[in-house]
Amino acid sequence: MATFLYRLGKFSYRRRWLVTGLWVLLLALVGVGAGTLSGTMSNSFTIPGTEAQQAIDQLAERFPQANAGGATARVVFAAPPGSTLTDPTHHATVQDTVAKLKTAPQVTNVADPFQTGTVSPDGRYAFAQVNYAVPGIELSTDDRDALISATEAGRTNGLTVEVGGDALVSSPEPGIAEVIGIAIAGLVLLVTFGSLVAAGLPLLTAILGVLVGMAGLMAASAFVDINANSTILALMLGIAVGIDYALFIVSRYRHELALRNDKTEAAGRAVGTAGSAVVFAGLTVIIALAGLTVVGIPVLASMGLAAAATVAIAVLVALTLLPALLGLASRRITTGRRNRDPESDTGPAPAGERWARFVTRHRLPVLITTVLGLALIALPASDLRLGAQDDGMAAADTTQRKAYDLISTGFGAGTNGPLIIVVDTTTSRNANTSVTQVTDTIKTLHRVASVSPPVTSPDGNTTLITVIPTSGPRDQATSELVTEIRQHMTPLHTTTGTQVAVTGQTAVNIDVADKINAATLPYLGLVVGLAFLLLMLVFRSILVPIKATLGFLLSVAATFGAVVAVFQWGWLGTLIGLNEPGPIAPLVPVLLIGILFGLAMDYQVFLVTRMREDYIHGATAQNAIITGFRHGARVVTAAAIIMIAVFGGFAFTDQVFIQSIGFALAIGVLIDAFIIRMTIVPAVMSLLTYNAWWLPRWLNHTLPNLDIEGEKLTHQPHTTTEPTHTHPEPSTTNSR
């Protein structure tokens, strides 16, 4: 592996104009493809195999008039104190607003509140349901503006008019916070290298890689269904890993230049050594992201594969374009205020080396303290609750939140999350009697506030019943009501012959949470198992991959604890602009496991491969920890700060789902990089000493030697190596 990458690095450096030109041409081609082929990315959320999704599919086939897949909006009216909406002036204003809503683009139906009975008992509140022909993601800005404009007359005439629903949900877009994150990354690079050119190259290659990846996704959307959130995750990861991978190679290149005058040789060795770590770190991230397909939820598969493709492009850019740009930069890569490279072996001991000596000297107290501290942070994770993130968690000054609160005040919290009961009477002995029995059964349940009159399809075989719970859509009591209704389905089928299903957004969210909970452990086992095998190939060790995996489990538990404390309990939520605490979005835990595992193994590979490289080249096991930290700690620290800055920028968006993902990844990287990899890892490695590199003899002969540490490069011509030392430890069966 190292030899192949060494040759690739030298080729890219020598043929710098050719390689750079090919990447520019590729960017131009995918850019043209994105401009001419780009389709509409969907925001659909399907969960095949669940009851709620099957009911939605059934409605689309048998009862299309129900508009199960179209966007909806709720226009809420509130009369001033002391008056009601039945007053002639207010009544006329509501009727005029409803008439204007019916003429808005894409609207298929508007339910008049005075005809449908959606007027509160005191007459002060009412809402009109607006149905659209297309999903919310397909509505244009003009369509949403027309919806809001139709309500202005009501406000002018003295009514409070607010709008909620998924018709107002738009695709997430990058904002100023993400730009600030990239700016912080640039500052960290400048401090690390002390050179504008050296600092600019990782940013340049990361941005180019993201542009290629994003343009490729846009072009691919013409042929495959890509979820709109996929681009945000791909952007988030593409920038973070793109900068990190380039950072490691540039840092190693500067180190190699300090050892030799041959710039081509230095580029080849940088790609052959640090590039090998980049390849395997990238493979680990790709495995973790692609593994999201096993969960069985299309949106997760779309997000995982899109991000995995962007990470793969980041790896290719780091291995080919970066050495070409190093050739174009020439000696300017080492010029600047601070020309001592972060891996230099000269001068006073850097902070990373001093920290490694402290940890290895006090390994047991350090290990016990950090583990107990992380266990304390992880305690809130025991209260993790998955649930919908609805308009009730929007900012208090938004029209969506105001509409949600008005409905809760006038009609009860459950009206914001109605349950849809789908009754299939195809095999029923008497359709009307069966529907009546289903309705009467549901009315007896104590968590039901009201049951609407049944609505039957034109063919008479499908009936819809709307159930209003006594609790809100995010409350545990609503989930228990869904379970209770489903427990009555079998007895109802036995007595009436009907097929009864529960759907609606609340039921969909419950089914998503259940499906993700069931898939999390198998997914975790698959990812950890594949990554363990990969790490065993990289490190040629049994204990090092085990240690890496256990460290990840500890860091992800602590990260879950921090997420629950902030987003579910509301602790310090105002610092990131969290509007309202609530349950964690069902997709967050599994996404966090996949992404954080891949990133955690990044730091494991980057840091420990340098320890192994020094050990292979003659250092003692204890000294390899120190020298590995001397060479790698500063760069790993910079990489982690960059990751935290990029992910942290997304924690300040106005969408709770993206906000929670950004916060979780920033905290996860902070814990994993600085506590697990840079504190617990050297402590455990110091306890294991040379046993860390033990491998059974039979396995040593079975596993291929990938030479990630670049041992074979010492036999290449023009070699300048550091002095080696004799191992005082007993010999092991591990090949070096």
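The preceding data block contains the structure.
Residues numbered from 1 in each chain as written. Predicted model: local features only at pLDDT ≥ 70, side-chain atom pairs only at ≥ 80, totals over all residues. Heavy atoms only, no water.

1. A closer look at the overall build of the protein chain
- Along the protein chain, the regular secondary structure elements total 24 helices and nine strands.
- For 736 residues, the compact-globule formula gives about 27 Å, and the C-alpha radius of gyration of the protein chain, at 30 Å, lands near that figure.
- Over its C-alpha atoms, taken along the principal directions, the protein chain stretches across nearly 90 × 50 × 45 Å.
- Relative to its full complement of 736 residues, the protein chain shows a buried share of 58%.
- Restricting the contact set of the protein chain to residue pairs at least 6 apart, pairs at least 24 apart contribute 81%.
- Averaging the coordinates of the 45 positive side-chain charges in the protein chain and doing the same for the 49 negative ones gives two points 15 Å apart. (Helix = DSSP H or I, 4+ residues; strand = E, 2+ residues; numbered from the N terminus. Rg over C-alpha atoms; globule rule 2.2 N^0.38 Å. Buried < 20%, exposed > 50% of the residue type's maximum accessible area, 1.4 Å probe, protein only. Contact = heavy atoms within 4.5 Å. Lys, Arg positive; Asp, Glu negative; His and termini not counted. Charge placed at Lys NZ, Arg CZ, Asp CG, Glu CD.)

2. Overview of the pattern of salt bridges
- Throughout the structure, instances matching the rule amount to 17 salt bridges.
- In this structure, the salt-bridge partner of glutamate 265 is lysine 10, at a minimum N-O distance of 3.5 Å. Linking glutamate 265 in helix H11 (residues 263-290) with lysine 10 in helix H1 (residues 2-14), this pair joins segments that are 255 residues apart in sequence. There is no split in this pair, since glutamate 265 and lysine 10 are both buried.
- Among the ionic pairs, arginine 155 bridges to glutamate 152, the shortest N-O distance being 3.2 Å. Taken as a pair, arginine 155 and glutamate 152 lie in helix H7 (residues 152-156) at a separation of three residues, close to a single helical turn.
- A relative accessible area of 29% means that arginine 155 is categorised as partly exposed.
- A single salt-bridge network, built from bridges that share partners, covers Lys10, Glu265 and Arg269. (Salt bridge = Lys/Arg side-chain N within 4 Å of Asp/Glu carboxyl O.)

3. So, the pairing of strand S8 (residues 462-469)
- Counting buried residues along S8, seven of its eight residues qualify, which places the element largely inside the surrounding structure.
- In terms of strand pairing, strand S5 (residues 419-424) meets S8 through six bridges, oriented antiparallel. When the bridges of S8 are listed, isoleucine 421 appears paired with isoleucine 465.
- The pairing of strand S6 (residues 448-451) with S8 spans three bridges and is antiparallel. Bridge assignment links valine 448 to a residue of S8, and that residue is proline 469.
- Where strand S7 (residues 455-456) and S8 come together, two bridges link them in antiparallel fashion. Note on S8: the bridge partner recorded for threonine 456 is threonine 463.
- A loop of five residues connects S7 with S8, the two strands running antiparallel in sequence, and glycine 460 in this loop sits at a positive phi of about 80 degrees. (Pairing = 2+ DSSP bridges.)

4. Describing the pairing of strand S1 (residues 72-78)
- In terms of burial, S1 is a largely internal element, six of the seven residues being buried.
- Bridge analysis of S1 against strand S3 (residues 125-132) gives seven bridges, and the strand direction is antiparallel. Bridge pairing in S3 links alanine 73 to valine 130.
- Sheet topology places S1 next to strand S4 (residues 160-164); five bridges connect them, and they run antiparallel. Each residue of the ladder has a partner; that of valine 75, found in S4, is valine 163.

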